[in-house]
Amino acid sequence: MTSPPDIFDRTARRRQRDRAATRFGDHDFLRTVMLDGIDERLGTVLRGFDDVLDLGCFDAGFTPPASARVARFDPGFAFARRAGGVQGDEDRLPFADATFDLVVAAGTLDTVADLPGAFALIRRVLRPGGLFLGAFLGAGSLPTLRQVLREAEAERPAIRIHPQVEVRSAGDLLLRAGFRLPVADAETLTVRYASLVRLIGDVRGMAAANVLNDRTALTRPALARAATAFNVRAEADGRVSERFEIVFLTGWAPSPEQDAGRRGPPRPAGSMLPRPGGPFG
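Residues numbered from 1 in each chain as written. Predicted model: local features only at pLDDT ≥ 70, side-chain atom pairs only at ≥ 80, totals over all residues. Heavy atoms only, no water.

Novice: Break down the packing of aromatic side chains for me, citing the residues and quoting the values.
Specialist: The full count for this structure, using the stated rule, is eight aromatic pairs. Ring centres of phenylalanine 24 and phenylalanine 79 lie 5.5 Å apart, and the angle between their planes is 80°; this geometry places the pair in the edge-to-face category. With a gap of 55 residues between them, phenylalanine 24 in the loop between helix H1 (10-20) and helix H2 (29-42) and phenylalanine 79 in helix H3 (residues 77-82) connect regions that are remote in the sequence. Neither residue differs from the other here; phenylalanine 24 and phenylalanine 79 are each classed as buried. Taken together, the ring pairs connect Phe24, Phe58 and Phe79 into an aromatic cluster. Taking the ring centre of phenylalanine 58 as reference, the NZ or CZ of arginine 17 above it sits at 4.1 Å. In this arrangement the basic side chain of arginine 41 is found over the ring face of phenylalanine 248, its NZ or CZ atom lying 4.0 Å from the centre. (Phe/Tyr/Trp six-rings, centres within 6.5 Å; stacked < 30°, edge-to-face > 60°. Helix = DSSP H or I, 4+ residues; strand = E, 2+ residues; numbered from the N terminus. Buried < 20%, exposed > 50% of the residue type's maximum accessible area, 1.4 Å probe, protein only. Lys NZ or Arg CZ within 6 Å of the ring centre and 35° of its normal.)

Novice: Could you give an account of unusual backbone geometry, with specific residues and numbers?
Specialist: In the Ramachandran plot, serine 67 falls in the positive-phi region, its phi being about 70° despite a non-glycine side chain. You can see serine 67 is positioned in the loop between strand E1 (51-55) and strand E2 (69-74). Unlike most non-glycine residues, leucine 181 shows phi in positive territory, near 50°. Within the secondary structure, leucine 181 is located in strand E6 (residues 180-193).

Novice: Tell me about the nonpolar core, and please be specific about residues and values.
Specialist: Membership of the largest hydrophobic core comes to 48 residues, with the highest contact counts inside it found for Leu102, Leu131, Leu145, Leu196, Leu199 and Phe244. With six residues, the top contributor of residues to this core is H2. Discounting chain neighbours no more than four positions away, the residues touching leucine 199 are Leu142, Leu145, Tyr193, Phe230, Glu242 and Phe244. In this structure, Val103, Phe132, Leu173 and Leu174 belong to the second largest nonpolar core, which totals 28 residues. (Core = buried A, V, L, I, M, F, W, Y, C linked by side-chain atoms within 4.5 Å. Contact = heavy atoms within 4.5 Å.)

Novice: Describe the packing of helix H5 (residues 143-152) against helix H8 (residues 220-232), listing the residues and the values that go with them.
Specialist: Helices that pack against each other are described as a pair by the angle of their axes relative to one another and the distance between those axes. At a closest axis distance of 8 Å, the pairing of H5 and H8 adopts a crossing angle of 130°. It follows that H5 is oblique to H8 by the angle criterion. H8 is crossed by H5, and the crossing has right-handed handedness. Every residue of H8 that contacts H5 at Thr144, Val148, Leu149, Glu151 and Ala152 is listed here: Ala222, Arg225, Ala226, Ala229 and Phe230. By residue class, the composition of the contact of H5 with H8 is seven nonpolar, one polar and two charged. (Axes fitted to C-alpha atoms, helices over the stretch in contact; angles between N-to-C directions. Parallel < 35°, antiparallel > 145°, perpendicular 65-115°, else oblique. Left-handed = near helix turned anticlockwise from the far one by under 90°. Nonpolar A, V, L, I, M, F, W, Y, C, P; charged D, E, K, R; others polar.)

Novice: Tell me about the pattern of salt bridges, and please be specific about residues and values.
Specialist: A full pass over the atoms with the stated rule returns 21 salt bridges. Here arginine 127 makes a salt bridge to aspartate 51, at a shortest N to O gap of 2.9 Å. Remark: aspartate 51 occurs in strand E1 and arginine 127 occurs in strand E5 (residues 126-137); sequence separation between them is 76 residues. For aspartate 51, a relative accessible area of 13% puts it in the buried group. (Salt bridge = Lys/Arg side-chain N within 4 Å of Asp/Glu carboxyl O.)

What follows is the structure, given as structure tokens:
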């Protein structure tokens, strides 16, 4: 079977993460929400974990369960080095099968070249009955940024934001990868910005900018037109609302007990209520 073509530039992805690593703490609000959601779901699981993989570890902000050993892994060299982890791509995991009983992936899976392959590898590195908890930006994110860029480049449109995965499709991918009791749900976060420059700064600062292979540079005139279109959307306080949709995933690695028809592990909590509040190349 041939591998799917890479739509993402792996080198650009690594470099982007290395640039973001220096000031990630100034732009980490989305990952904080992702980790909070993962912690909430993990809190519903009545079992212990010995070996944990933090997949896409960023600044090692994920705190593993008490007494668990944790391995950190990130697509960027800088994040991996600072976390004392391993650098590599999620669809090319170097770990042996059945190494971990918990895999957490928060914030990177939406730019993996072979997402189905990554899910299959995550299931393989889990021990029987092991748990996968993931979160990433999904379809429905950044509608305002998409629209103002389309308006700014109406005569020569370009792809500025990579394709994003819908909740239902994400659940289907877990099933195809062989996970049991898959759950996929989404949480919407609205953030209000005073300028397009600040929004773009956040997207770049969280290492979520455009790393598609066929990306092209945005010209200064197009950026100026996009900024104007953005400002037109301002509300009375001068700010513009932007929406981020976070897809949360839960799946269990098959175990002999499940195959024998016994009662499986508890299903984590379902959809969360939207929180109030408030990628680009």
